[in-house]
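# A closer look at the structure
Okay, here's what each chain looks like letter by letter:
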Amino acid sequence: MDILAYTDAYAAHEVDAGITYDYSEIQLWQATQWRSLSHGLFLTMLSMGLIAGAMTVTSPALAQVLRPGDAGNSVAEVQTLLRNKGFQISYGANGGGRGKFGPQTTDAVRKFQQQSGLAVDGVVGPNTWAKLRGTSGGVGGPSPSRPTSGGSTGLLGKGSKGEQVAEVQTLLRNKGYSISYGADGSGRGYYGDDTVIAVRSFQQNAGLSVDGVVGPRTIAALRGSPMPAPTTTTPRIAQGQYRINTNSKPLNVRTGPGEQYSVAQTLANGTRVNVIGQANGWAQIAPGRYVSSRFIQQM
């Protein structure tokens, strides 16, 4: 900018002083009739500036190579792209990890490269940039064998992500189950270990099949709406003496045959109960007292 300002000032001086130049003997400049030295200098510098500017524009293939230890906006972009694909990178409580190519980012890059069929070196080069910025998707998310559907009647399981997962987490937290979103909130909408544990605990307490997967019956129970009929017939339970079998946790005794009924008491694992009837997969152990038939064992 200083050079341009000087050139402009000198051009004004040339006009006032009537200064002209003869370049006829210089073959390179002979074809161009410049009126002044400053005019020629300005055009030359402008052309050079445009060429230099064009040379600085890079295509994705010439994107900056990033390595562990680097920092800056390009690293922050890589972290965002990886997090959007489901890889875990924590910025820390104060967000100081954003834009820093640390161990978590290196690990996420290596996992992404492995799942993308790239050379696994933890370095973000042209090929890794292209894959990260691509629109094909699917990399870094759940494997095909895992439940990934976010529909109202689909399955949600470990590795799933999206608004349906966020709804499940909210419903579970509202019911008192512990699910941490992390310091930066990145756990919301991601079906991680905390969500699996909470779902399994809810299923056990609700008398559902305990598999950690949210299917139609689990989401219906979470929402408090009538549950769809099970796909298999619930075996009849004979009257008689049974034992509570929950491995370790106490079992809720409810006032009716279903999770929607209030908890009347809890029974410790191993407690003996007398089954006098059955309704919808719930064993009646006393008038107005029911336990899930999944957690009792005949003696």
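Keep in mind that this is a model prediction, so the values were computed, not measured.

### Regarding the overall build of the protein
Along the protein, the regular secondary structure elements total 8 helices and 8 strands. The contacts in the protein between residues at least 6 apart in sequence include a share of 52% that link residues at least 24 apart. As displayed, the protein has an accessible area near 17,600 Å², and 53% of this comes from carbon and sulfur atoms.

### Considerations on helix 4 (residues 103–116)
Its 14 residues place the ends of helix 4 20 Å apart at the C-alpha level, agreeing with the 20 Å of an ideal helix rising 1.5 Å per residue. Of the positions making up helix 4, those classed as buried are T105, T106, A108, V109, F112, Q113 and S116. Seen end-on, helix 4 carries its buried residues on one side only, within an arc spanning 165°. Opposite the packed face of helix 4, turned more than 90 degrees from it, sit the exposed residues P103 and Q114. Residues of helix 4 that are buried make contact with helix 3 (73–84) and helix 5 (126–133).

### A look at the side chain of T218
Within the element layout of this structure, T218 appears in helix 8 (residues 216–223). Taking relative accessible area as the criterion, T218 reaches 6% and is therefore assigned buried.

### As for the packing of helix 3 against helix 4
Packing of helix 3 against helix 4 brings their axes to within 11 Å, and their N-to-C directions diverge by 55°. As judged from the angle between their axes, helix 3 and helix 4 are oblique. Along this stretch, helix 3 crosses helix 4, giving a crossing that reads as left-handed. Residues V78, Q79 and L82 of helix 3 form the contact with helix 4, whose participating residues are T105, A108, V109 and F112.

### Thoughts on the nonpolar core
Ranked by size, the top nonpolar core spans 19 residues in total, and within it V168, L172, Y191, F202, V214 and L222 carry the most contacts. Secondary-structure elements contributing two or more residues to this core are helix 6 (163–174), helix 7 (193–206) and helix 8. Considering each element in turn, this core owes the most residues, 5 residues, to helix 7. Excluding residues within four positions of it along the chain, Y191 makes contact with L156, G157, K158, G159, S160, V165, V196, V199, G212, V213 and V214. Judged by nonpolar contacts, the second largest core, of 16 residues, contains L81, Y91, L118 and V124.

### Details of the packing of helix 6 against helix 7
At their nearest, the axes of helix 6 and helix 7 sit 11 Å apart, and the two run at 60° to each other. Relative to helix 7, the element helix 6 lies oblique. Regarding helix 6 and helix 7, the two cross each other, and that crossing is left-handed. Residues V168, Q169 and L172 of helix 6 pack against T195, A198, V199 and F202 of helix 7. When grouped by side-chain class, the residues that make up the contact of helix 6 with helix 7 number 5 nonpolar, 2 polar and no charged.

### Observations concerning the pattern of salt bridges
Across all of its chains, the model carries 5 salt bridges by this definition. For D184, the salt bridge identified is with R83, shortest N-O distance 2.9 Å. Of the two residues, D184 sits in the loop between helix 6 and helix 7 while R83 sits in helix 3, which places them 101 residues apart along the sequence. We classify R83 as partly exposed; its relative accessible area is 22%. As a salt-bridge pair, D107 and K111 come within 3.2 Å of each other at their nearest N and O atoms. Taken together, the positions of D107 and K111, both in helix 4 and 4 residues apart, correspond to about one turn of that helix. Since its relative accessible area comes to 42%, K111 is described here as partly exposed.

### Structural notes on the environment of N174
Inspection of the secondary structure puts N174 in helix 6. Take N174: its relative accessible area is 62%, and that puts it in the exposed class. Through-space distance from the C-alpha of N174 to that of L222 is 9.9 Å; in sequence the pair is 48 residues apart.

What counts as what
Residues numbered from 1 in each chain as written. Predicted model: local features only at pLDDT ≥ 70, side-chain atom pairs only at ≥ 80, totals over all residues. Heavy atoms only, no water. Helix = DSSP H or I, 4+ residues; strand = E, 2+ residues; numbered from the N terminus. Contact = heavy atoms within 4.5 Å. Areas by Shrake-Rupley, 256 points an atom, 1.4 Å probe, with all protein chains shown as cover. Expected span 1.5 Å × (residues − 1). Buried < 20%, exposed > 50% of the residue type's maximum accessible area, 1.4 Å probe, protein only. Arc of directions from axis to C-beta. Axes fitted to C-alpha atoms, helices over the stretch in contact; angles between N-to-C directions. Parallel < 35°, antiparallel > 145°, perpendicular 65-115°, else oblique. Left-handed = near helix turned anticlockwise from the far one by under 90°. Core = buried A, V, L, I, M, F, W, Y, C linked by side-chain atoms within 4.5 Å. Nonpolar A, V, L, I, M, F, W, Y, C, P; charged D, E, K, R; others polar. Salt bridge = Lys/Arg side-chain N within 4 Å of Asp/Glu carboxyl O.

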